[in-house]
Amino acid sequence: MNYPRLKHWLEERYDLTDVRKFAKSKLIPEHRYDFLYYTGGITLFLFIIQFISGMLLAFYYVPHIDHAYKSIIDIVTKINMGWFFRSFHHWGAQLAILFLFIHLFGTLLVKAYRKPREMIWVTGFVLLIISIFFGLSGYLLLWDERAFAAVRVATGGAGALPVIGEFIKIFLRGGTEVTGETIVRFYAFHVAILPLITLCIIGLHVLLVQYHGVSVPTSLEKNKTSAVPFFPNVFYKDMIIWLIVLGVVVTLAVLLPPEIGIQADPLAPPPENIKPEWYFLCVLETLKLFPGEILGLNGETIAILCVSTGILFLFLIPFFARKANRGKKSPLFTSIAVVYVVYFVTMTVIGFLS
Ligand code: HEM
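Take the coordination of the iron atom of the ligand next. Every protein donor of the iron atom of the ligand is listed here as His-103 (NE2) and His-205 (NE2), and their distances to the metal cover 2.0 to 2.1 Å. Coordination at the iron atom of the ligand is octahedral, judged from the six donor atoms that bind it and the angles of 84 to 179 degrees they form at the metal. Residue His-103 is found in helix H5 (residues 82–109), and its partner His-205 is found in helix H9 (residues 180–212); the two are separated by 102 residues along the sequence.

Take the site of the ligand next. In the vicinity of the ligand there are 24 residues, among which Tyr-37, His-103, Gly-124, His-205 and Ser-215 approach most closely. Between Gly-40 and the ligand, the recorded distance is 3.2 Å, taken from a backbone N or O atom to an oxygen atom. Separating an oxygen atom of the ligand from a side-chain N or O atom of Arg-117 is a distance of 3.5 Å. Those elements that place two or more of their residues in the shell around the ligand are helix H3 (37–58), H5, helix H6 (118–141) and H9.

Take H6 next. When the terminal C-alpha atoms of H6 are compared, their 35 Å separation across 24 residues agrees well with the 34 Å that a helix rising 1.5 Å per residue should span. Taken across its 24 residues, H6 has 19 buried, putting it largely inside the fold. Trp-143 lies just past H6 and shows a positive phi near 55 degrees.

It is worth spelling out the nonpolar core at this point. Within soluble globular proteins, side chains that are nonpolar tend to cluster in buried spots. Ranked by size, the top nonpolar core spans 40 residues in total, and within it Leu-46, Tyr-61, Phe-133, Trp-143, Phe-186 and Val-249 carry the most contacts. Elements represented by at least two residues in this core include exactly H3, helix H4 (68–77), H5, H6, helix H7 (145–159), H9 and helix H11 (230–255). Leaving out residues up to four positions away in the same chain, Trp-143 has contacts with Ile-65, Ala-68, Tyr-69, Phe-148, Val-178, Thr-179, Ile-183, Gln-263, Ala-264 and Pro-266.

In this structure, the second largest pocket occupies an estimated 1,400 Å³ of space. Lining the second largest pocket are 49 residues, with His-90, Gln-94, Gly-138, Tyr-139 and Glu-277 sitting closest to its centre. When residues of the lining of the second largest pocket are assigned to their parent elements, the largest contribution, eight residues, is made by H5. Considering only residue class, the lining of the second largest pocket consists of 31 nonpolar, 10 polar and eight charged.

Moving on to the pattern of salt bridges. For the coordinates displayed, the defined rule picks out seven salt bridges. Note that Lys-288 is salt-bridged to Glu-285, the shortest N-O span being 3.0 Å. Pair noted here: Lys-288 and Glu-285 are both in helix H12 (residues 281–288), with a separation of three residues, about one helical turn. Taking relative accessible area as the criterion, Lys-288 reaches 54% and is therefore assigned exposed. Residues joined by salt bridges that share partners form a network here, namely Lys-70, Asp-74 and Lys-78.

On the surface, Arg-322, Lys-323, Arg-326 and Lys-328 cluster together into a positively charged patch. Locating Lys-328 in the fold gives a position in the loop between helix H15 (322–325) and helix H16 (331–353). Overall, Lys-328 belongs to the partly exposed group, its relative accessible area being 44%.

Along the chain, Thr-198 turns up in helix H9. In contact with Thr-198, not counting residues within four places along its chain, are Phe-47, Phe-51, Leu-127, Ile-130 and Phe-134.

Direction vectors running N to C along H12 and helix H13 (residues 299–315) enclose 135 degrees, while the axes themselves pass 9 Å from each other. When the axes of H12 and H13 are compared, the pair comes out oblique. Like other packed secondary-structure pairs, H12 and H13 cross with a definite hand, here right-handed. Taking contact as the criterion, the partners of Val-283, Thr-286 and Leu-287 in H12 are, on H13, Ala-303, Ile-304 and Val-307.

Scanning the entire structure with this criterion turns up 24 aromatic pairs. Judged by centre distance (5.4 Å) and plane angle (55 degrees), the rings of Phe-105 and Phe-344 are tilted. Of this pair, Phe-105 sits in helix H5 while Phe-344 sits in helix H16, placing them 239 residues apart in sequence. Each residue in the set Phe-101, Phe-105, Trp-278, Tyr-279, Phe-280 and Phe-344 is aromatic and connected to the rest through ring pairs, giving one cluster. Cation over ring: Lys-275 sits above Phe-352, and NZ or CZ is 5.7 Å from the ring centre.

What counts, and where the lines are drawn
- Residues numbered from 1 in each chain as written.
- Predicted model: local features only at pLDDT ≥ 70, side-chain atom pairs only at ≥ 80, totals over all residues.
- Heavy atoms only, no water.
- Donors = N, O, S within 2.8 Å, 3.2 Å for Na, K, Ca; no water.
- Tetrahedral: all angles 85-135°; square planar, octahedral: opposite > 155°, others 65-115°.
- Helix = DSSP H or I, 4+ residues; strand = E, 2+ residues; numbered from the N terminus.
- Near = heavy atom within 4 Å.
- Polar contact = N/O pair within 3.5 Å; in protein donor to acceptor, adjacent residues only side chain to side chain.
- Expected span 1.5 Å × (residues − 1).
- Buried < 20%, exposed > 50% of the residue type's maximum accessible area, 1.4 Å probe, protein only.
- Core = buried A, V, L, I, M, F, W, Y, C linked by side-chain atoms within 4.5 Å.
- Contact = heavy atoms within 4.5 Å.
- 1 Å grid on protein atoms, 1.4 Å probe; cavity = no way out; pocket = protein on both sides within 12 Å on 5 of 7 lines; lining within 4 Å.
- Points joined across faces, edges and corners; volume = space filled by probe spheres on them.
- Nonpolar A, V, L, I, M, F, W, Y, C, P; charged D, E, K, R; others polar.
- Salt bridge = Lys/Arg side-chain N within 4 Å of Asp/Glu carboxyl O.
- Patch = residues over 30% accessible without salt bridge, like charges linked within 9 Å, V, L, I, M, F, W, Y side chains within 5 Å.
- Areas by Shrake-Rupley, 256 points an atom, 1.4 Å probe, with all protein chains shown as cover.
- Lys, Arg positive; Asp, Glu negative; His and termini not counted.
- Charge placed at Lys NZ, Arg CZ, Asp CG, Glu CD.
- Axes fitted to C-alpha atoms, helices over the stretch in contact; angles between N-to-C directions.
- Parallel < 35°, antiparallel > 145°, perpendicular 65-115°, else oblique.
- Left-handed = near helix turned anticlockwise from the far one by under 90°.
- Phe/Tyr/Trp six-rings, centres within 6.5 Å; stacked < 30°, edge-to-face > 60°.
- Lys NZ or Arg CZ within 6 Å of the ring centre and 35° of its normal.

Structure (structure tokens):
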């Protein structure tokens, strides 16, 4: 069915006047930071391709301690194009989290979270936490020694949180140690629970953006900024950018397929020089800054409390930025945003090089 026939087919059955009116009336401001509007769309696209490639892998992956590792070796060596889809899923995840951070820091720097968009920020932040958990749960499924050690450290770290820590650790591991039970649990999270929650929250996040419209940075609000229609101008640009991103993921997947290490052995000593995924490095390097004991108190617990406070402050930032919420310039919150971005990048680079 060609496009005019499809249009006719639809119009015979449905009244699309409102949809057409909405598409035409939706305007996107044009200014020097408008490239930031594309970062949310890129993240959305990367999530879509993760869902598709993940579904293909789910046909062959076996979430069992005796078969998990071997099923991935089979996907890579025996299944037609299996190596490509595994690599594609790996690189899609890396870029999804990279763009998630770019999107977060971009909206943080231009204070797009300010009134009335607080809930866009809150839903976005929840998506960030879910995405990190997506990464961690997917990582363990490989069941090689690196994945095993990383999940042991991460769940052990959660265990150091006061009061609820032990409960979270046991809940995540499905017991006191990382075992086959943990694989089943992480698999359920990775392929069922997290995708379902993510779909609902992405829906809410994007719906809220439609409701409020995109923001204009406070520094530019006084200048009369021009606007272009979302359809077709911004929509076509989105499509071109998505195609380029797809090209990048395919290229990385073909040229740099991820390694598979030695099968995990829970009884073996942890391997030396293991590094977690890059998005954990900032937190890990921060934890290293704290001594083992501070004024007679456990250093690790204090470190985790400090990191949690930093994350909580970022989560609640729209509710603290009172000046920005009144539409005024707020150099303090611009500086806070810059500190977060610089700190995250610096610690990640240090972690990467160390
Ligand atoms: C799965 C993850 C996410 C997806 C798919 C997503 C998608 C989107 C899309 C499509 C937009 C509209 C276009 C744009 O302004 O870029 C948007 C806007 C926005 N997002 Fe996200 N986002 C995600 C995560 C986040 C995170 C982690 C945050 C911050 C904590 C965040 C905060 C915002 C804000 C404040 C806006 C409004 C921007 C404005 O009004 O100028 N989002 N998001």
